[in-house]
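Letter by letter, the chains look like this.
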Amino acid sequence: MSEGALVNTGAVRWPDPVLAGVAVRSMQIKLHRWAGEDPSRRFGDLFNLVYDPAFLVAAWERVSTNKGAKTAGIDKVTAAWVETVIGVGAFLGQIRDSLKSGGFGPVEVRQVMIPKGNTGKFRKLGIPTIADRVVQASLKSVLEPIFEADFQPCSYGFRPIRRPHDAIAEIHYPASGTRNYHWVLEYDIRACLDPWSYCSFADCAA
């Protein structure tokens, strides 16, 4: 890892959530800059950041404050239960120890059926455990700024601060008559993401 990276040494000191957020954001800015400056760069020690105390605290804040925090996975553990029974520090400490030792592994998601709008149809929704959601959020915080450096401006799928309405606006722009385009491609993307919907809970709840 290059200079400026957070290093996990000595006893764990869990930072204040605000300070953790600042530290994570600072590291993300560096990761994004390094990736943008050298597209061929290979990052060799990113896993160290996934279990860094600041990244884990920031991940916990994201998971515990979103609308899915009251929903448990197959272990029946909710964010409130962690806070009142285990303690956040002890909970994150267990996750960190298992990640460092290589013993961490995601468990089966709890599957529920939810309605698809007013269609009368249902789709499967997979609900990971709180622990898995924290690790996913931490991993996302590490990887996202690196991958963001490679995306094109016209890419909208599953990117931060972008939504389907932005993609629609991008489509309307060349079709507005002010641009000299000669081809129109039509695709039917109805239900194209259904096979992946069981993975969507962590992102949608965040």
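This one's a predicted model, so the numbers in the text were calculated from it and none came from an experiment.

Novice: Sorry, what's going on with the side chain of S64 here?
Specialist: Position of S64 among the secondary structure elements: in helix α3 (residues 53–65). There is a polar contact of 2.7 Å between the side chain of S64 and the backbone oxygen of W60. With residues near it in sequence (within four places) discarded, S64 still touches A69, A79 and E83.

Novice: Explain the nonpolar core to me, please; I cannot follow it from the model alone.
Specialist: The tendency in soluble globular proteins is for nonpolar side chains to be buried as a group. In terms of nonpolar packing, the biggest core is built from 33 residues, with L31, W60, F91, L92, I95 and V134 touching the most fellow members. Taken together, the elements giving at least two residues each to this core come down to α1 (17–37), α2 (47–50), α3, α4 (79–86), α5 (88–101) and α6 (130–148). With near-sequence residues (within four places) excluded, L92 lies in contact with W14, L56, V57, W60 and V134.

Novice: Quick question: what am I supposed to make of α1 here?
Specialist: Taking 1.5 Å per residue as the helical rise, α1 with its 21 residues ought to reach 30 Å, and the 30 Å between its terminal C-alpha atoms agrees with that figure. Here α1 has its buried residues at A20, V24, M27, Q28, L31, W34 and A35. Projection of α1 onto a plane perpendicular to its axis shows the buried side chains occupying an angular sector of 130°, all on one side. Relative to its buried face, α1 has exposed residues pointing more than 90 degrees away, namely V18, L19, V22, R25 and E37. Contacts from the buried residues of α1 go to α2, α3 and α6.

Novice: Could you clarify how one ought to interpret the packing of aromatic side chains in this entry?
Specialist: How two aromatic rings sit relative to each other is given by the distance of their centres and the angle of their planes. The tally for this structure, following the rule as stated, stands at 2 aromatic pairs. Considering the side-chain rings of F47 and Y51, the 5.4 Å spacing of their centres and the 80° angle between planes classify their relative orientation as edge-to-face. When its relative accessible area of 45% is taken as the criterion, F47 is described as partly exposed. For Y51, a relative accessible area of 12% corresponds to the buried category. On the basis of an interplanar angle of 65° and a centroid distance of 5.7 Å, the ring pair of W60 and F91 is categorised as edge-to-face. Linking W60 in helix α3 with F91 in helix α5, this pair joins segments that are 31 residues apart in sequence. You'll find W60 and F91 in the same group, each marked buried. Just above the ring of Y156 sits the side chain of R162; from NZ or CZ to the centre is 4.7 Å.

Novice: Just to check I follow, could you spell out the packing of α4 against α5 for this structure?
Specialist: Describing two packed helices takes the angle between their axes plus the distance from one axis to the other. Across the interface, α4 lies against α5 with an axial gap of 7 Å and an inter-helix angle of 105°. Comparing their axes, α5 and α4 come out roughly perpendicular. Every residue of α5 that contacts α4 at V82, E83 and I86 is listed here: V88, A90, F91 and Q94. In terms of residue class, the contact of α4 with α5 is made up of 5 nonpolar, 1 polar and 1 charged.

Calculation criteria
- Residues numbered from 1 in each chain as written.
- Predicted model: local features only at pLDDT ≥ 70, side-chain atom pairs only at ≥ 80, totals over all residues.
- Heavy atoms only, no water.
- Helix = DSSP H or I, 4+ residues; strand = E, 2+ residues; numbered from the N terminus.
- Polar contact = N/O pair within 3.5 Å; in protein donor to acceptor, adjacent residues only side chain to side chain.
- Contact = heavy atoms within 4.5 Å.
- Core = buried A, V, L, I, M, F, W, Y, C linked by side-chain atoms within 4.5 Å.
- Buried < 20%, exposed > 50% of the residue type's maximum accessible area, 1.4 Å probe, protein only.
- Expected span 1.5 Å × (residues − 1).
- Arc of directions from axis to C-beta.
- Phe/Tyr/Trp six-rings, centres within 6.5 Å; stacked < 30°, edge-to-face > 60°.
- Lys NZ or Arg CZ within 6 Å of the ring centre and 35° of its normal.
- Axes fitted to C-alpha atoms, helices over the stretch in contact; angles between N-to-C directions.
- Parallel < 35°, antiparallel > 145°, perpendicular 65-115°, else oblique.
- Nonpolar A, V, L, I, M, F, W, Y, C, P; charged D, E, K, R; others polar.

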